[in-house]
Amino acid sequence: MKSYNQMNYTLEVQEDNNGNYFIELPNEMIEELGWKEGDILEWKLKGQGVILSKLNDPTGYEAIEE
């Protein structure tokens, strides 16, 4: 059984001047997970939520829409 850090956030998808979409992750989430700017993240859809994890890191963050 996989263990995830679970937090609840609603993040706005933003668009840059080139039409690329992005989200800004809250600092407290980044600090709690030990992530740093430049880390490569992997995301997967799960139901109506998203699982974010640092590439090659077994721990992660699971966002589940309620």
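Residues numbered from 1 in each chain as written. Predicted model: local features only at pLDDT ≥ 70, side-chain atom pairs only at ≥ 80, totals over all residues. Heavy atoms only, no water.

*Asks:* Looking at this structure, how should I read the nonpolar core?
*Replies:* Across soluble globular proteins, nonpolar side chains show a tendency to be buried alongside one another. Within the largest apolar cluster, six residues are counted, these being M7, L25, M29, L33, W35 and L52. Look past the residues within four positions of L25 in its chain and what remains in contact with it is L11, I30, W35, L41 and L52. (Core = buried A, V, L, I, M, F, W, Y, C linked by side-chain atoms within 4.5 Å. Buried < 20%, exposed > 50% of the residue type's maximum accessible area, 1.4 Å probe, protein only. Contact = heavy atoms within 4.5 Å.)

*Asks:* Honestly, the pattern of salt bridges in this entry has me stumped. Any pointers?
*Replies:* For the structure shown, the criterion picks out one salt bridge. Between D39 and K54 there is a salt bridge; the shortest N-O distance is 3.8 Å. Here K54 lies in strand β5 (residues 49-54) and D39 lies in the loop between α1 (27-33) and β4 (41-46), a separation of 15 residues in the sequence. (Salt bridge = Lys/Arg side-chain N within 4 Å of Asp/Glu carboxyl O. Helix = DSSP H or I, 4+ residues; strand = E, 2+ residues; numbered from the N terminus.)

*Asks:* I would appreciate a short explanation of a nonpolar patch on the surface in the present structure.
*Replies:* Nonpolar side chains collect at one region of the surface, where Y9, L11, V13, Y21 and I23 lie side by side and expose about 470 Å² of accessible area between them. Note on I23: relative accessible area 37%, which makes it partly exposed. (Patch = residues over 30% accessible without salt bridge, like charges linked within 9 Å, V, L, I, M, F, W, Y side chains within 5 Å. Areas by Shrake-Rupley, 256 points an atom, 1.4 Å probe, with all protein chains shown as cover.)

*Asks:* Hey, could you run me through the pairing of β5 in this one?
*Replies:* For a regular strand, side-chain orientation follows a simple rule: the groups alternate between the two sheet faces. In the sheet, β4 pairs with β5 via six bridges, with the strands oriented antiparallel. Residue pairing across strands places K46 opposite G49, the latter belonging to β5. Counted between consecutive antiparallel strands, the loop separating β4 from β5 contains two residues, among which G47 sits at a positive phi close to 60°. (Pairing = 2+ DSSP bridges.)

*Asks:* Help me out: how do you make sense of the environment of W43 in this one?
*Replies:* Position of W43 among the secondary structure elements: in strand β4. Here the alpha-carbon distance between W43 and K54, two residues 11 residues apart in the chain, equals 8.8 Å. Contacts of W43, omitting those with residues within four sequence positions, involve V50, I51 and L52.

*Asks:* Any chance you could explain the environment of I40 here in plain terms?
*Replies:* Within the secondary structure, I40 is located in the loop between α1 and β4. Each C-alpha atom, one on I40 and one on L55, is 5.7 Å from the other, the two residues being 15 residues apart in sequence. When sequence neighbours within four positions are dropped, the list of residues in contact with I40 reads S53, K54 and L55.

*Asks:* Is there a simple way to think about the confidence of the model for the chain in this case?
*Replies:* In low-pLDDT regions, the fine details of the predicted coordinates are not to be read closely. When pLDDT is averaged across the chain, the result is 78; 74% of the residues are at 70 or more. Summarising per-element confidence for the chain, the mean pLDDT is lowest in strand β6 (residues 60-63) (54) and highest in strand β2 (residues 14-15) (94). (pLDDT = per-residue confidence, 0-100.)

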